[in-house]
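Spelled out, the chains give:
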Amino acid sequence: MLGPVILAASRSDRMRRLVSAAPVTKPVVDRFIPGERVDQILPIIRDLTDRGLELTMDVVGEDITRPDQAEAARDAYLELIEHLGPLELGTRAEMSVKLSMFGQALDGGHELALKNVRPVVEAAAAIGTTVTLDAEDHTTLDSMFAIHEELRKEFPETGCVIQAYLFRTEDDARRLAASGSRVRLVKGAYKEPAEVAHQDKHEIDRAYVRILRTLMEGEGYPMIGSHDPRLISIAQELARLAGRKLDEYEFQMLYGIRGDEHLRLAAEGHRMRVYTAYGTDWYGYFMRRLAEKPANLRFFVRSMVSKG
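Residues numbered from 1 in each chain as written. Predicted model: local features only at pLDDT ≥ 70, side-chain atom pairs only at ≥ 80, totals over all residues. Heavy atoms only, no water.

Caption draft 1: Structural context of the overall build of the protein chain. Helix and strand content of the protein chain: 13 helices and eight strands. A buried classification covers 54% of the 308 residues belonging to the protein chain. Of the contacts formed within the protein chain by residues at least 6 apart in sequence, a portion of 72% connects residues at least 24 apart. When the accessible surface of the protein chain is split by element, carbon and sulfur atoms take 53% of a total near 13,900 Å². (Helix = DSSP H or I, 4+ residues; strand = E, 2+ residues; numbered from the N terminus. Buried < 20%, exposed > 50% of the residue type's maximum accessible area, 1.4 Å probe, protein only. Contact = heavy atoms within 4.5 Å. Areas by Shrake-Rupley, 256 points an atom, 1.4 Å probe, with all protein chains shown as cover.)

Caption draft 2: Molecular detail of helix H5 (residues 67–84). Here H5 is 18 residues long and its end C-alpha atoms lie 26 Å apart, about the 26 Å a rise of 1.5 Å per residue gives. On the buried face of H5, the contacting elements are helix H4 (38–50), strand E1 (54–59), strand E2 (93–97), helix H6 (109–126) and strand E8 (271–278). (Expected span 1.5 Å × (residues − 1).)

Caption draft 3: Structural detail: the pairing of strand E5 (residues 182–186). In terms of residue burial, E5 counts as a mostly covered element, since four of its five residues are buried. With five bridges connecting them, strand E4 (residues 159–163) and E5 associate as parallel partners. Each residue of the ladder has a partner; that of Gln163, found in E5, is Val186. In this sheet, strand E6 (residues 221–225) lies alongside E5 in parallel orientation, the contact comprising four bridges. Opposite Val183, over in E6, you have Pro222 as the bridge partner. (Pairing = 2+ DSSP bridges.)

Caption draft 4: Looking closely at the packing of H5 against H6. Viewed as axis vectors pointing N to C, H5 and H6 meet at an angle of 5 degrees, and their least axial separation amounts to 9 Å. In terms of their interaxial angle, H5 and H6 are classed as roughly parallel. Between H5, through Ala70, Glu71, Arg74, Tyr77, Leu78 and Ile81, and H6, the contact on the second element is made entirely by Asn116, Pro119, Val120, Ala123 and Ala124. Grouping the amino acids of the contact of H5 with H6 by side-chain chemistry returns eight nonpolar, one polar and two charged. (Axes fitted to C-alpha atoms, helices over the stretch in contact; angles between N-to-C directions. Parallel < 35°, antiparallel > 145°, perpendicular 65-115°, else oblique. Nonpolar A, V, L, I, M, F, W, Y, C, P; charged D, E, K, R; others polar.)

Caption draft 5: Representation of the sheet that holds E2. The strand order E1-E2-E3-E4-E5-E6-E7-E8 describes a closed barrel built from eight strands, whose pairing is parallel. Mean inter-strand twist for the sheet, computed between neighbouring axes without regard to direction, equals 30 degrees. Two elements, E2 and strand E3 (residues 131–133), share three bridges in a ladder whose sense is parallel. In the sheet register, Met95 faces E3, and the bridge partner there is Val131. The strands that H4 touches are E1 and E8; relative to E8, the one it contacts most, it runs at about 165 degrees.

Caption draft 6: Just the pattern of salt bridges, in detail. For the structure on display, the rule yields 28 salt bridges. Put simply, Arg273 and Glu54 hold a salt bridge, and the shortest N to O gap is 2.9 Å. Residue Arg273 is located in strand E8, and its partner Glu54 is located in strand E1; the two are separated by 219 residues in the primary sequence. Arg273 gets classed as buried once you look at its relative accessible area, which sits at 2%. Using a relative accessible area of 10% as the deciding quantity, one classes Glu54 as buried. One salt bridge connects Glu150 with Arg118, and the closest N-O pair in it is separated by 3.8 Å. (Salt bridge = Lys/Arg side-chain N within 4 Å of Asp/Glu carboxyl O.)

Caption draft 7: Seen up close, the packing of helix H8 (residues 169–179) against helix H9 (residues 201–217). Where H8 contacts H9, the two axes come as close as 9 Å, and the packing angle between them is 10 degrees. By the angle between their axes, H8 is roughly parallel relative to H9. Residues Thr169, Glu170, Ala173, Arg174 and Ala177 of H8 touch H9, and the partners they reach there are Arg210, Ile211, Thr214 and Leu215. For the contact of H8 with H9, the per-class residue count stands at four nonpolar, two polar and three charged.

Caption draft 8: Up close: the side chain of Glu136. Relative to the assigned elements, Glu136 resides in the loop between E3 and helix H7 (141–152). Under the relative-accessibility criterion, Glu136 is labelled buried at 7%. Polar side-chain contacts of Glu136 include one of 3.2 Å to the backbone nitrogen of Leu99. Excluding its chain neighbours within four sequence positions, the residues that come into contact with Glu136 are Lys98, Leu99, Ser100, Gln104, Leu141, Gln163, Tyr190 and Glu192. (Polar contact = N/O pair within 3.5 Å; in protein donor to acceptor, adjacent residues only side chain to side chain.)

Caption draft 9: Quick look at the packing of aromatic side chains. Taken as a whole and assessed by the stated rule, the structure comprises two aromatic pairs. Their ring planes at 80 degrees and their centres at 5.9 Å tell us that Tyr249 and Phe251 sit as a pair that is edge-to-face. Exposure class is identical for Tyr249 and Phe251. Each is buried. Above the ring of Phe145, the side-chain terminus of Arg175 is found at 4.9 Å from the ring centroid. (Phe/Tyr/Trp six-rings, centres within 6.5 Å; stacked < 30°, edge-to-face > 60°. Lys NZ or Arg CZ within 6 Å of the ring centre and 35° of its normal.)

Following this line, the structure appears as structure tokens:
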């Protein structure tokens, strides 16, 4: 019940100011976003990879209203890639990008986002890694998939994200599985209307399993974005039934959530990738993490009560 309320708050400037100014906010945010600058995040990258984990890096930032802000987002990713290169991690450290940060919502946004994201994908390929295009609200997806298709002509390892709660996703999954793409499946974290998305948690879970089966039986590389123990077990069974080896799919979880499970899966030989965000414009990302799971909200409220 609280999820839609929190998602609405994620778009409120007043709530942004209140949460950002609260003295207890930073230590709680640090659980999910371990740094604001590249130099702060590099020790995190080294620590996680030393423990057998992989990463996908997200430079957080939203509400792009001018072309120069979109260019700044591009440059932030290029700076990250410049620092990743000497680490020689290859695909153990890839990047996730939201096309809204690259100007997708501006006038001429589709072309602008493609223009800005292409240098990031090129630079990532030059150091032996790749980029995944994150999914945002349903109105942006046709543009995202078109950019994904265009980028894959030259960089076939470019990945994309699909969201189980959207009605369209089962068709999207069949198309992407047949094309051999890298696809991350998540439940979905945006407030979507009942005309386009499942609203019931159990319906979303059932859709997730159906879509995951399609991906596992297809020609692509499935990336299971979930912290749900039941879905993780189902994913392992579907992979077994599809005859997939451990390096033919991977699990992905957020930094700061179920860290012990990250290590357990890696110790069993699974590819386990940690979605690690950093940057100064963390508010929207942080609020969606609260909305996704009641335990995250309880953690935040307890911290405010105990420290406030």
